[in-house]
Every structure is written in C-alpha cells, then in structure tokens.
Amino acid sequence: DAGITQSPRHKVTETGTPVTLRCHQTENHRYMYWYRQDPGHGLRLIHYSYGVKDTDKGEVSDGYSVSRSKTEDFLLTLESATSSQTSVYFCAISESRKQMNTEAFFGQGTRLTVV
Amino acid sequence: GQQVMQIPQYQHVQEGEDFTTYCNSSTTLSNIQWYKQRPGGHPVFLIQLVKSGEVKKQKRLTFQFGEAKKNSSLHITATQTTDVGTYFCAATAGAQKLVFGQGTRLTINP
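Cut-offs and rules
- Residues numbered from 1 in each chain as written.
- Chains lettered and ligands numbered in written order.
- Predicted model: local features only at pLDDT ≥ 70, side-chain atom pairs only at ≥ 80, totals over all residues.
- Heavy atoms only, no water.
- Disulfide = S-S within 2.5 Å.
- Helix = DSSP H or I, 4+ residues; strand = E, 2+ residues; numbered from the N terminus.
- Contact = heavy atoms within 4.5 Å.
- Buried area = accessible area lost by both parts, 1.4 Å probe.
- Salt bridge = Lys/Arg side-chain N within 4 Å of Asp/Glu carboxyl O.
- Polar contact = N/O pair within 3.5 Å; in protein donor to acceptor, adjacent residues only side chain to side chain.
- Buried < 20%, exposed > 50% of the residue type's maximum accessible area, 1.4 Å probe, protein only.
- Pairing = 2+ DSSP bridges.

Caption draft 1: Representation of the state of the cysteines within the structure. All names here are of chain A. On inspection of all chains with the given rule, the structure shows two disulfides over all chains. Put simply, C23 and C91 are joined by a disulfide, and their sulfur atoms are 1.9 Å apart. Disulfide C23-C91: the torsion about the S-S bond is -75 degrees, which places it as left-handed. Taken together, the residues C23 in strand β3 (residues 19–25) and C91 in strand β9 (residues 87–94) connect sequence positions 68 residues apart.

Caption draft 2: Examining the interface of chain A and chain B more closely. With 22 residues of chain A at the contact, the number on the chain B side is 22 residues. Both sides of the chain A and chain B interface together cover about 1,900 Å² of buried area, and 54% of this is carbon and sulfur. On the surface where chain A and chain B come into contact, there are zero salt bridges. Inspection of the region where chain A meets chain B yields four residue pairs in polar contact (both at pLDDT 80 or more). Listed by contribution, the elements that provide at least two residues to the side of chain A that touches chain B are β4 (31–38), β5 (42–51) and β11 (100–101) of chain A.

Caption draft 3: Layout of the pairing of β9 of chain A. Residues and elements named next belong to chain A. The buried fraction of β9 is high, at eight of eight residues. Alternating residues of β9 divide into S87, Y89, C91 and I93 and V88, F90, A92 and S94, and every residue in both groups is buried. Bridge count for β4 against β9 is seven bridges, and the pairing is antiparallel. Bridged to Y35 within β9 is F90.

What follows is the structure, given as structure tokens:
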C-alpha cells in the first residue's frame, strides 16, 4: 500500500464543534484530495490540492476548509460540525506524468459521526 | 462542472453470471480510471484508459473506452464471490480535479 495515513480513524463529535482530519503521505505526491462517501452518493470531492498552499473547491465544499502547509500533510477542517457531515471521509493522493494524472491512492478512511 | 454518470447503482447476480457497469460523460474525457472498493475498505485503482476505442483486459475483467471518449464500461465475465464490491469510474476535470461516478455496487449469490 502507498504511504498514506489518515487520522483519526474514528471520531464522534458534537454538533457545533470544530473538527480537523489529517491526511499524511510519504510518497511526495503533488496532488491530494478529500472525499466524503455516503450511501447512494459515491465519492464526492470536497477539496483538493495541487501543491503547497494551492487548494481548490470540489463539488461539496460548503462547511469545509482545507490547508496544506507541507507537501506531506493535507488537513480538512469542519468549522462547525453538523449532523449532515456524518460520513466516511477518504483522503487520496496522485501524481501527474505527461500532463495526465496517475492512479490515485486512498487512505483507510475516517468515520466521523456528528451527534 | 464535469460529471460522470454511472449505471446501474446496484447489481445482484448469481455466481458465474456476467456483470457490466457503464460510465457516461457529457464532455470528452482525456482519460478514465476504474477503481474497486471492497466492503469496509477503501477504493483501489484497477486501470486507466487513455486512447479512443481502447480495450484492456485483466483476467476476467474487460475495460473499454468509447470511440468518442465520452463513455466507458467494465465487464466481468463469470463472476466470483471475490468480485463483490463497489466499482467506480473516475475522470479528471481540469487541474487534476479527480471526480468519481456514483459507483455500482455488485453483490453475488453463491
């Protein structure tokens, strides 16, 4: 497996509290992604990064922010958690060769429950 | 933004039957990737298709990329219980924005 780890793996938090999920890679890949997975919706892109301090929104970015201060770390923050953000969150990394993305490697996922 | 639509959402088959999932886009894709996610696991890359009309095989799995590069399919011949999982297609929407289809969940009756 690629060197990508997510922490924590499980978290239960209360509505209204801030939550930060961490994705750490040892592959020196340029691109990092945060997805959420919910039944019937597949994998939906929240935010992604194409370099240090370079990030952009995905299709479901409302209520989330990200930061990438180092190549190896990509943080996802829920500013004020809501029950609708209960989900499984996946981080992924990829590279680009010949102007085309290579395969994405996924972390093990973080199961977040907002009560 | 670019979207890839995947059908069907669910498929239940008897072991030994064939299975196909389809991925469609309204725009021309530069390439398409396929992933498999086992129950309780994370998505794992299977293959990438780049060329118009490309066909690739991995044992019992056959992947096709349409001539217009707007659709793709994954076909499994003679399913086995190890094929159980959710299959996703994925495409890049500019600046490496990797978007996924909704996935097809395959269950198999042994």
